[in-house]
Amino acid sequence: MNQQKLLDLFLELVRIDAVSLQERPVAEFIKKRLAPLGVEITEDDAAQKLNGTCGNLIIRLPGDLPDTEPLLLLAHLDTVHPTAGVQPVLKEGVLWSDGTTILGVDNRAGVTLLLSLIEELHEHKLHHRSLEIVFTVAEELGMFGAMALDFAQLRAHQGFVFDCTARPGGYVASTPTAYDFKIAITGKSAHSAVAPETGINALSMAVHIMSGFPVGRVNPHSVANFGTIHGGTADNVVPDRVDLTGEFRSFRNEEITALRERLTSLCAEAAARWGGQCEPAFIFSFQGFQFHPEIALVQHLYRAYGRVGVTPQPLVYYGGSDANVFNQHGIQIINTGIGAQNPHSRDEHIRPADLMTGFQILTHLIEAE
């Protein structure tokens, strides 16, 4: 494998427009590319569950010791925005789009690495561990494809996902637990000039809740946010309904509990003070995890880094990825850096040299030991 070969495949992949729940074109590209190799590809029923065009793809590659537990490798098929008409531009060793679209490095760079690996293993008959390779859908919407996956289909209990924006050597060592919340606030409508006394202002209740709840970086371990507010009908009508949504994340369970209790208490106060109703609902988003350096899987990653000559850089990351879902299901997955910088923006870019380094790391991770 050489850098130009990797780059050529990456450029083919980013030119395929396949946003969340519309991943069929890139899935068909993978199937067509691997068909001559005789690789078995299973597509699950995530499309039906999510009302999308494509399910998760599962590929199994028996290794030199086929009876041993396989290693799981993971990337996602969707991009957060369209890449139709993308015009990649290489400047001083960095690949960008021309600014009219995103480049699509998140996560076509990860797909490039795994697809290239499958082809390389087949072409050169390389020794390797047994592998389970999963391409998920709808990751950008909230890891929906991973959540729809039937984990009973997998034998692996450890592996790596190639979806971290850090350059090679960086990996996600710690993420928080996250909850979304929705608050339905019900007041009573009235003419705001003729009979304001008969109304119950749902917006006033919302202001009480929002002013009493901490947002932003709450402390070194937690963040919180109000994301949307909807309500009201006219300037001369007391608003009888307001809906608030938001989220909070923390590395400490006791602080998750405290934030939840604080929001519940503020809702009760608002309902009692104004005489309306205020009903909070909390929706589990994803479970956090922590990987300490002494864990065997981390040590395996460190050995691969050492063979390529990059320095391990454990990262604390407040975002979520498929790694959260797989870890929650008992499969240890480390999200490793592939150099996909400034994701989700038109300034998204990647160094082809980082793509090559990522591939070299991957080849060491799958070596039979």
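In this report, the structure presented in the accompanying data block is examined. (Residues numbered from 1 in each chain as written. Predicted model: local features only at pLDDT ≥ 70, side-chain atom pairs only at ≥ 80, totals over all residues. Heavy atoms only, no water.)

## Here we look at the environment of Leu121
With respect to the helices and strands, the residue Leu121 is situated in helix 4 (residues 105–124). If sequence neighbours within four positions are ignored, Leu121 has contacts with Leu61, Leu126, His128, Leu131 and Ile366. (Helix = DSSP H or I, 4+ residues; strand = E, 2+ residues; numbered from the N terminus. Contact = heavy atoms within 4.5 Å.)

## So, the pairing of strand 12 (residues 241–250)
Across ten bridges, the pairing between strand 9 (residues 177–186) and strand 12 is antiparallel. In the sheet register, Lys182 faces strand 12, and the bridge partner there is Thr245. Judged from the nine bridges that link them, strand 11 (residues 222–231) and strand 12 form a sheet pairing that is antiparallel. Within the sheet, the bridge partner assigned to Thr228 lies in strand 12 and is Thr245. (Pairing = 2+ DSSP bridges.)

## Focus on unusual backbone geometry
Leaving glycine aside, a negative phi is the common case for residues, and trans is the common case for peptide bonds. In this structure, Asn107 follows Asp106 across a cis peptide bond, with omega equal to 15°. Along the chain, Asn107 turns up in helix 4. Non-glycine residue Asn51 carries a positive phi angle of around 60°. Looking at the element boundaries, Asn51 is found in the loop between helix 3 (46–50) and strand 2 (57–61). The class of Asn51 is exposed, set by a relative accessible area of 70%. (Buried < 20%, exposed > 50% of the residue type's maximum accessible area, 1.4 Å probe, protein only.)

## Quick notes on helix 7 (residues 253–274)
Over its 22 residues, helix 7 extends 32 Å from the first C-alpha to the last, a length consistent with the 32 Å expected when each residue adds 1.5 Å. Inspection of helix 7 places Glu255, Ile256, Leu259, Leu263, Leu266, Cys267, Ala270 and Ala271 among the buried residues, and these make up the whole buried set. Projected onto a plane normal to the axis of helix 7, the buried residues spread over an arc of 155° and lie on a single side. Exposed and facing more than 90 degrees away from the buried side of helix 7 are Asn253, Glu254, Glu261, Ala272 and Arg273. Those residues of helix 7 hidden inside the fold are in contact with strand 9, helix 6 (202–212), strand 10 (216–219), strand 11, strand 12 and strand 13 (277–286). Two residues or fewer past helix 7, Gly275 is found with a positive phi of approximately 80°. (Expected span 1.5 Å × (residues − 1). Arc of directions from axis to C-beta.)

## A look at the packing of aromatic side chains
What the rule picks out here adds up to eleven aromatic pairs. Taking 5.6 Å as the distance between ring centres and 80° as the angle between the ring planes, the aromatic pair formed by Phe181 and Phe226 counts as edge-to-face. Linking Phe181 in strand 9 with Phe226 in strand 11, this pair joins segments that are 45 residues apart in sequence. Geometrically, the ring pair formed by Phe248 and Phe282 is tilted, given 6.1 Å between the ring centres and 55° between the ring planes. Remark: Phe282 occurs in strand 13 and Phe248 occurs in strand 12; sequence separation between them is 34 residues. Accessibility assignment for this pair places Phe248 and Phe282 in one class, buried. Taken together, the ring pairs connect Tyr179, Phe181, Phe213, Phe226, Phe248, Phe282 and Phe284 into an aromatic cluster. (Phe/Tyr/Trp six-rings, centres within 6.5 Å; stacked < 30°, edge-to-face > 60°.)

## A short note on the side chain of Glu23
On the secondary structure map, Glu23 appears in the loop between helix 1 (3–14) and helix 2 (24–34). It is Arg108 that comes nearest to the buried, bridge-free Glu23 among opposite-charge side chains, at 7.9 Å. If we skip the residues at most four places from it in the chain, Glu23 touches Ala18, Thr53, Cys54, Leu77, Asp78, Val137 and Ala138. (Lys, Arg positive; Asp, Glu negative; His and termini not counted. Salt bridge = Lys/Arg side-chain N within 4 Å of Asp/Glu carboxyl O.)

## Observations regarding the nonpolar core
Counting residues in each nonpolar core, the largest one holds 86 residues, and the members touching the most others are Phe10, Leu73, Phe135 and Phe326. When residues of this core are assigned to their parent elements, the largest contribution, nine residues, is made by helix 4. Counting 24 residues, the second largest nonpolar core, distinct from the first, contains Ile185, Ala202, Leu244 and Cys267. (Core = buried A, V, L, I, M, F, W, Y, C linked by side-chain atoms within 4.5 Å.)

## Regarding the sheet that holds strand 9
One open sheet accounts for five strands, arranged 10-11-12-9-13; its pairing is antiparallel. Only two strands of the sheet have a single neighbouring strand rather than two, namely strand 10 and strand 13. For this sheet, the mean angle separating the axes of adjacent strands, direction not counted, is 25°. In the packing of helix 6 onto the sheet, contacts are made with strand 9, strand 11, strand 12 and strand 13, and the angle to strand 12 comes to roughly 15°. (Axes fitted to C-alpha atoms, helices over the stretch in contact; angles between N-to-C directions.)

## Some points on the state of the cysteines
Overall, the coordinates contain zero disulfides when judged by the stated rule. Here Cys267 stays unpaired: no disulfide links it, and the sulfur of Cys278, its closest cysteine neighbor, is 3.2 Å away. (Disulfide = S-S within 2.5 Å.)

## Notes on a nonpolar patch on the surface
Taken together, the side chains of Leu203, Val207, Met210 and Ile229 present a nonpolar region at the surface, about 310 Å² in accessible area. When residues of the nonpolar patch are assigned to their parent elements, the largest contribution, three residues, is made by helix 6. Note that Met210 resides in helix 6. Relative accessible area serves as the criterion here: at 31%, Met210 is assigned to the partly exposed category. (Patch = residues over 30% accessible without salt bridge, like charges linked within 9 Å, V, L, I, M, F, W, Y side chains within 5 Å. Areas by Shrake-Rupley, 256 points an atom, 1.4 Å probe, with all protein chains shown as cover.)

By themselves, these are just geometric observations and shouldn't be taken as functional.
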